[in-house]
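# Chain and residue survey
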Amino acid sequence: MLNRLRHRFGTLKTAWEAEPAVLMTVEGVGPQMLEAIVQTRPTIQLEQSLQQPFPCWVPDDPDYPPLLLEIPSSPAVLYYRGQVAPGEHRDGPPCVAIVGTRHPSEYGRRWTRSLTRALVRQGLTIVSGLATGIDTEAHRSCLEAGGRTLAVLGSGVDVIYPTQNQPLYQQILNQGLVLSEYPAGTKPDRGHFPQRNRIVAGLCRAVIVVEAPVKSGALITAHLANDYGREVYVLPGSLDNPQSIGCLGLISKGAQVILGEDHLLEMLGTIPALDGMTSSQPPAQLSLPISGLAPELQQVLQAVRPEPTPFDMLVQRSGLPAATVSSTLLQLELLGLVNQLPGMRYQASDQA
């Protein structure tokens, strides 16, 4: 929606001040959304809303990460805390994400350390989500190797989750950046993390999945990365390890298999952002198995039809609270399984 507004009005400031009749000409702005905008806009003091204890970027800022402008749901505000150099997101080294399970095996931890150190030696920036497990291992290994790392949170940039990562969080502030689209003081929430994952994927030219079970946020990140035209690389694991089943599923859907440090670096060298070359092959299209969705996601997805369906009807069909249906629909949109239409209507996508 932000990209549509920017394309229609030139700047988000102009869009904010646009007359209701003009806003209605933007694809995705239906009567209900327009009514909400008209009622809410006078109650919001835009300058005051941006007066947070930590600095932020908005899409019109020159330092806003340009790769995030390429994704369909660019964060309207990106708060940051730590060390930043002007223009680093445009002229600095590319970012590579490393994600995976919160309960890795020793094999997963060992290869996370090994791959992270190899990437740091090439001058790449490591991105992850500060979660326990693979995320923590990637951040820590990057810092120990003297590299730069970005942590994208599902809370405010001043709210550390999990709390045991407070020492790691402080290290990242000294050697990297903590990023979030949520205002200071925002507590972590289950619905925040799928949105956080889209930022992780959007910031990077490539995403590496080390270990991931069938129901995993790392799979969502991989799916989004593929949708955004990023490369997805996967560390193969054992069929006997439940934490590897999601990775093996990604490989079966076309993700690139990592056969070692040198092999990964060789594959990364073919990405245009890393060597300036033009790739002749589009990324393989992955598909996230619907059977791997959480029960609430499956329940709402089953209520959506190929024809446009009003939000109220989805609440009625699913039998879930409206707030739950709303947050679940957002996750399904991020997964590419549901499309939102004007007038708070939804329909199943071709991937569903």
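First things first, this report covers the structure right here in the doc. This one's a predicted model, so the numbers in the text were calculated from it and none came from an experiment. (Residues numbered from 1 in each chain as written. Predicted model: local features only at pLDDT ≥ 70, side-chain atom pairs only at ≥ 80, totals over all residues. Heavy atoms only, no water.)

## Structural notes on a nonpolar patch on the surface
Together, Val 214, Leu 239 and Ile 245 give the surface a local cluster of nonpolar side chains, amounting to about 270 Å² of exposed area. Looking at the secondary structure, you find Leu 239 in the loop between strand E8 (231–234) and helix H12 (245–252). You can call Leu 239 exposed: its relative accessible area is 70%. (Patch = residues over 30% accessible without salt bridge, like charges linked within 9 Å, V, L, I, M, F, W, Y side chains within 5 Å. Areas by Shrake-Rupley, 256 points an atom, 1.4 Å probe, with all protein chains shown as cover. Salt bridge = Lys/Arg side-chain N within 4 Å of Asp/Glu carboxyl O. Helix = DSSP H or I, 4+ residues; strand = E, 2+ residues; numbered from the N terminus. Buried < 20%, exposed > 50% of the residue type's maximum accessible area, 1.4 Å probe, protein only.)

## Description of the packing of aromatic side chains
All chains considered together, the criterion is met by two aromatic pairs. Ring geometry for Trp 57 versus Tyr 80: centroids 4.0 Å apart, planes at 20°, classification stacked. Linking Trp 57 in strand E1 (residues 56–57) with Tyr 80 in strand E2 (residues 78–82), this pair joins segments that are 23 residues apart in sequence. In terms of burial, Trp 57 and Tyr 80 fall into one category: buried. Here the aromatic rings of Tyr 161 and Phe 193 are separated by 6.0 Å at their centres, their planes lie at 40°, and the arrangement is tilted. (Phe/Tyr/Trp six-rings, centres within 6.5 Å; stacked < 30°, edge-to-face > 60°.)

## Some remarks on the packing of helix H10 (residues 192–203) against helix H11 (residues 217–227)
For the pair H10 and H11, interaxial distance at closest approach is 9 Å and the crossing angle is 45°. As far as their axial angle goes, H11 and H10 are oblique. The handedness of the crossing between H10 and H11 comes out as right-handed. Contacts between H10 and H11 involve Pro 194, Asn 197, Arg 198, Val 200 and Ala 201 from the former and Gly 217, Ile 220, Thr 221, Leu 224 and Ala 225 from the latter. Taken together, the residues that form the contact of H10 with H11 break down as six nonpolar, three polar and one charged. (Axes fitted to C-alpha atoms, helices over the stretch in contact; angles between N-to-C directions. Parallel < 35°, antiparallel > 145°, perpendicular 65-115°, else oblique. Left-handed = near helix turned anticlockwise from the far one by under 90°. Contact = heavy atoms within 4.5 Å. Nonpolar A, V, L, I, M, F, W, Y, C, P; charged D, E, K, R; others polar.)

## Looking at the side chain of Asn 241
Here Asn 241 lies in the loop between E8 and H12. Exposure remark for Asn 241: the relative accessible area of 17% places this residue in the buried category. The contact partners of Asn 241, leaving out residues within four places of it in the chain, are Ser 105 and Glu 211.

## Observations regarding empty space enclosed by the protein
Scanning all chains against the criterion turns up two cavities of 30 Å³ or more. If you add up the space inside the largest cavity, you get close to 60 Å³. The volume enclosed by the second largest cavity comes to roughly 50 Å³. In terms of lining residues, the second largest cavity is bounded by Glu 88, His 89, Gly 92, Pro 93, Cys 95, Thr 125, Arg 148 and Leu 150. Considered class by class, the residues forming the lining of the second largest cavity number three nonpolar, three polar and two charged. (1 Å grid on protein atoms, 1.4 Å probe; cavity = no way out; pocket = protein on both sides within 12 Å on 5 of 7 lines; lining within 4 Å. Points joined across faces, edges and corners; volume = space filled by probe spheres on them.)

## Considering the pattern of salt bridges
A full pass over the atoms with the stated rule returns seven salt bridges. Across the pair Glu 261 and Arg 121 runs a salt bridge whose closest N-O atoms are separated by 3.1 Å. Taken together, the positions of Glu 261 in helix H13 (residues 261–268) and Arg 121 in helix H7 (residues 106–121) put the pair 140 residues apart, joining distant regions of the chain. Glu 261 sits in the partly exposed class, given a relative accessible area of 26%. What makes Arg 121 exposed here is its relative accessible area of 57%. It is possible to trace a salt-bridge network through shared partners that takes in Glu 106, Arg 109, Arg 113 and Glu 137.

## A few points about the sheet that holds E8
Taken in spatial order, the nine strands of this open sheet run E1-E2-E6-E5-E4-E3-E7-E8-E9, and their pairing is mixed. At either margin of the open sheet sits one strand with a lone partner, and together these are E1 and strand E9 (256–257). On top of the sheet, H7 reaches strand E3 (95–99), strand E4 (125–128) and strand E7 (206–209); it is set at about 175° to E3, its chief contact. The strands touched by H12 within the sheet are E7, E8 and E9, with E8 carrying the most contacts at an inclination of about 130°. (Pairing = 2+ DSSP bridges.)

## Some points on the state of the cysteines
Applying the stated criterion across every chain, the model contains zero disulfides. The cysteine Cys 204 is free of any disulfide, with Cys 95 supplying the nearest cysteine sulfur at 5.3 Å. (Disulfide = S-S within 2.5 Å.)

## A short note on H12
Given 3.6 residues per helical turn, the α-helix brings residues three or four places apart onto the same face. Here H12 has its buried residues at Gly 246, Cys 247 and Leu 250. End-on view of H12: buried residues confined to an arc of 100°, all on one side of the axis. Downstream of H12 by a residue or two, Gly 254 has a phi angle that is positive, lying close to 115°. (Arc of directions from axis to C-beta.)

## A short note on the environment of Pro 65
Mapped onto the fold, Pro 65 is located in the loop between E1 and E2. On the accessibility criterion, Pro 65 (2% relative accessible area) is buried. Non-local contacts of Pro 65, meaning those with residues more than four positions away in its chain, are made with Trp 57, Leu 78, His 89 and Leu 203.

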